[in-house]
Amino acid sequence: MKTRFFVALLSVCTFAYCQTPQNTPFPQHRIAVRAGRLFDPKSGKLLSDQVVLIEGERIVGVGPADRVKIPADDEVIDLSHSTVLPGLIDAHTHVFGNGPDLEMQILRDSYQYRTLTALANANKDLMVGFTTLRDLKTLGAMYSDVDLRNAIDRGVVSGPRMQVSTRGIQTTGGFLMNGYSSEVSVPMALQVVDSPPAAREAVREQIAHGADWIKLYAAYQFSFAKDGKMVIPETFTADEVTAIVDEAHKKGHKVSCHAFGGDGLHNCLNAGVESIEHGVQLEDSDIKMMIDKGIYLVPTLYHYQLDREHDEKRFGGHSVAEISERSFPKAVAAGVKVAFGSGAGPFPHGSQTKEFAYMVKFGMTPVQAIQAATMGAATLMGWEDRIGSLDTGKFADMVAVSGDPTADITELERVKFVMKGGHVFKNELK
């Protein structure tokens with residue numbers, strides 16, 4: 001098994017080594033893709049018998065086969081018996097995470113080793129259809145995600161497009177390394193700040209080191225009351241959250257807030273973050289404010305289904321999953337903007353397509369779930385002009401499945417074709 005993994009990783013890196021350097025013009029290879037069905041996320045409709053023309057890494061034409069002429073010298077990829085969709089976007093990943101044993105990863109593995117495993121994880125996500133990731137902190141590996149993002153962008157290695165949030169921000173006592181003596185100094189998984197001035201300094205430092213997003217942990221620990229409601233203490237004060245958000249916005253950067261609910265979540269909404277991660281226990285007032293301010297919910301439903309049994313043993317029969325199952329449908333029904341995000345890292349990368357089925361099970365239509373992983377996530381990331389739909393001028397990022405995911409969302413668990421920037425990474429539809 002290990003041999004197959006390293007052979008696969010070597011092949012990825014070998015291919016990437018041969019790619020065109022950043023300062024060399026991209027070879028303008030032309031490709032025509034015949035799509036039996038093409039999903040348009042803006043209308044939510046499947047369009048029949050379409051052609052997508054690609055030059056280099058961009059789409060140069062798209063439309064019905066009877067109107068779009070395929071040039072004689074174009075390479076033709078025949079997906080006429082398949083459903084073609086824009087490349088999928090996972091707006092909540094942790095490529096520096098390799099399972100639940102985070103403490104041992106931080107204590108045992110160097111930044112360099114963890115960056116190699118992050119590259120492998122990112123490519124696992126790519127191979128199941130996620131051509132773009134928003135990665136939300138390095139879990140103690142400092143600014144290594146900036147190097148990974150830049151290496152992919154420059155063609156040094158292959159991988160999905162990435163926006164990164166570097167270290168993440170917490171307060172003292174927020175995201176702890178568990179099980180160690182208080183007399184032992186252990187590394188921190190996040191940057192610690194405990195005042196508004198320190199919060200602004202952390203934001204400045206992270207942006208200076210290349211962060212695209214600022215990620216804060218506005219609430220972390222939780223318990224359950226006797227009535228089954230989650231009790232979720234805030235970490236930061238409202239003034240500290242406001243300082244983080246204000247400083248990031250002044251510098252043109254967006255803010256992601258980890259909060260299950262409670263005052264920590266309220267602080268983030270009041271401060272005007274761009275996305276709430278998890279949002280497990282949403283009050284009606286939270287939902288209204290998210291709609292009024294256009295704040296996205298990134299639900300990570302599958303992750304909590306995996307933790308259900310563990311939670312029930314720990315919390316006397318209660319679980320985060322049961323709370324999210326009640327809040328998420330309310331948010332969807334009210335019209336909260338939703339972006340697909342899995343939280344992959346504590347659970348295996350490349351398995352997060354199961355998130356789609358839970359989004360549908362708990363309130364979304366298949367079309368809405370696909371839109372959340374295409375134009376929804378693209379708009380959250382501010383990249384709606386380059387990804388999220390198959391339109392002229394955008395990157396040629398696309399995936400294909402055999403069946404119809406608008407009828408059976410689990411089709412997206414069986415992605416057969418992956419293209420990023422005009423390069424085919426996977427084709428099982430030949």
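Fair warning: this is a prediction, and the values are worked out from it, not measured in the lab.

**Re the confidence of the model for the protein**
Okay, so step 1: Averaged over every residue, the pLDDT of the protein is 93; residues scoring 70 or more account for 93%.
Okay, so step 2: Mean pLDDT values over the elements of the protein span from 47, in helix 1 (residues 2-17), up to 99, in strand 6 (residues 130-135).
Okay, so step 3: Long-range and interchain partners of residues 1-8, a stretch whose pLDDT sits below 50, account for two contacts in this model, where long-range means more than four residues apart.
Okay, so step 4: Considering only residues more than four positions removed or in separate chains, one finds that residues 14-26, a stretch of pLDDT under 50, has 18 contacts.

**A closer look at the sheet that holds strand 1 (residues 30-40)**
Okay, so step 1: Reading across the sheet, the seven strands line up as 3-2-1-4-16-17-18 and stay open at both edges, with mixed pairing between neighbours. At either end of the open sheet lies a strand with only one pairing partner, and these are strand 3 (58-64) and strand 18 (423-427). Across the sheet, the axes of successive neighbouring strands diverge by a mean angle of 30°, strand direction being ignored.
Okay, so step 2: As paired strands, strand 1 and strand 2 (residues 45-55) are joined by 10 bridges and run antiparallel to one another. In the sheet register, I31 faces strand 2, and the bridge partner there is I54.

**Some points on a nonpolar patch on the surface**
Okay, so step 1: Residues M104, L107 and Y180 make up a contiguous nonpolar surface patch of roughly 240 Å² in combined accessible area.
Okay, so step 2: Among the secondary structure elements, Y180 is positioned in the loop between strand 8 (169-170) and strand 9 (191-192).

**Side note on the pattern of salt bridges**
Okay, so step 1: Per the stated rule, a full pass over the model turns up 23 salt bridges.
Okay, so step 2: Linking K42 and D391 is a salt bridge whose minimum nitrogen-to-oxygen distance equals 2.6 Å. Pair noted here: K42 is in the loop between strand 1 and strand 2 and D391 is in the loop between helix 13 (366-380) and strand 16 (398-401), with a separation of 349 residues, a long-range link.
Okay, so step 3: Put simply, R200 and E247 hold a salt bridge, and the shortest N to O gap is 2.8 Å.

**Quick word on the nonpolar core**
Okay, so step 1: Counting 70 residues, the largest nonpolar core has I276 and F356 as its most contacted members.
Okay, so step 2: In terms of residue count, the dominant contributor to this core is helix 6 (residues 238-250) (five residues).
Okay, so step 3: Residues contacting F356, with those up to four places away along its chain left out, are L88, F130, F340, A369, A373, I409 and L412.
Okay, so step 4: By size, the runner-up hydrophobic cluster in this structure holds 16 residues, among which are I31, I77, L79 and M398.

**Observations concerning the state of the cysteines**
Okay, so step 1: Overall, the coordinates contain one disulfide when judged by the stated rule.
Okay, so step 2: Between the sulfur atoms of C257 and its disulfide partner C268 the distance amounts to 2.1 Å. Sign of the S-S torsion, about 80° for the bond between C257 and C268, identifies this disulfide as right-handed. Here C268 lies in helix 7 (residues 262-271) and C257 lies in strand 13 (residues 254-259), a separation of 11 residues in the sequence. Per residue, the accessibility class of C257 equals that of C268, and both read buried.

**Structural notes on the sheet that holds strand 6**
Okay, so step 1: Spatially, 5-6-7 is the arrangement adopted by the three strands of the open sheet, whose pairing is parallel. Edge strands, defined here as strands with exactly one partner in the open sheet, are strand 5 (88-93) and strand 7 (161-164). Going across the sheet, the axis of each strand differs from the next one's by a mean of 15°, ignoring polarity.
Okay, so step 2: Across the face of the sheet, helix 13 comes into contact with strand 5 and strand 6 while running at roughly 50° to strand 5.

**Quick look at helix 3 (residues 111-127)**
Okay, so step 1: Here helix 3 is 17 residues long and its end C-alpha atoms lie 24 Å apart, about the 24 Å a rise of 1.5 Å per residue gives.
Okay, so step 2: Of all the positions in helix 3, only R114, T117, A118, L119, A120, N121, A122, N123, D125 and L126 are classed as buried.
Okay, so step 3: At the exit of helix 3 stands G129, carrying a positive phi of roughly 115°.

Calculation rules
Residues numbered from 1 in each chain as written. Predicted model: local features only at pLDDT ≥ 70, side-chain atom pairs only at ≥ 80, totals over all residues. Heavy atoms only, no water. pLDDT = per-residue confidence, 0-100. Helix = DSSP H or I, 4+ residues; strand = E, 2+ residues; numbered from the N terminus. Contact = heavy atoms within 4.5 Å. Pairing = 2+ DSSP bridges. Axes fitted to C-alpha atoms, helices over the stretch in contact; angles between N-to-C directions. Patch = residues over 30% accessible without salt bridge, like charges linked within 9 Å, V, L, I, M, F, W, Y side chains within 5 Å. Areas by Shrake-Rupley, 256 points an atom, 1.4 Å probe, with all protein chains shown as cover. Salt bridge = Lys/Arg side-chain N within 4 Å of Asp/Glu carboxyl O. Core = buried A, V, L, I, M, F, W, Y, C linked by side-chain atoms within 4.5 Å. Buried < 20%, exposed > 50% of the residue type's maximum accessible area, 1.4 Å probe, protein only. Disulfide = S-S within 2.5 Å. Expected span 1.5 Å × (residues − 1).

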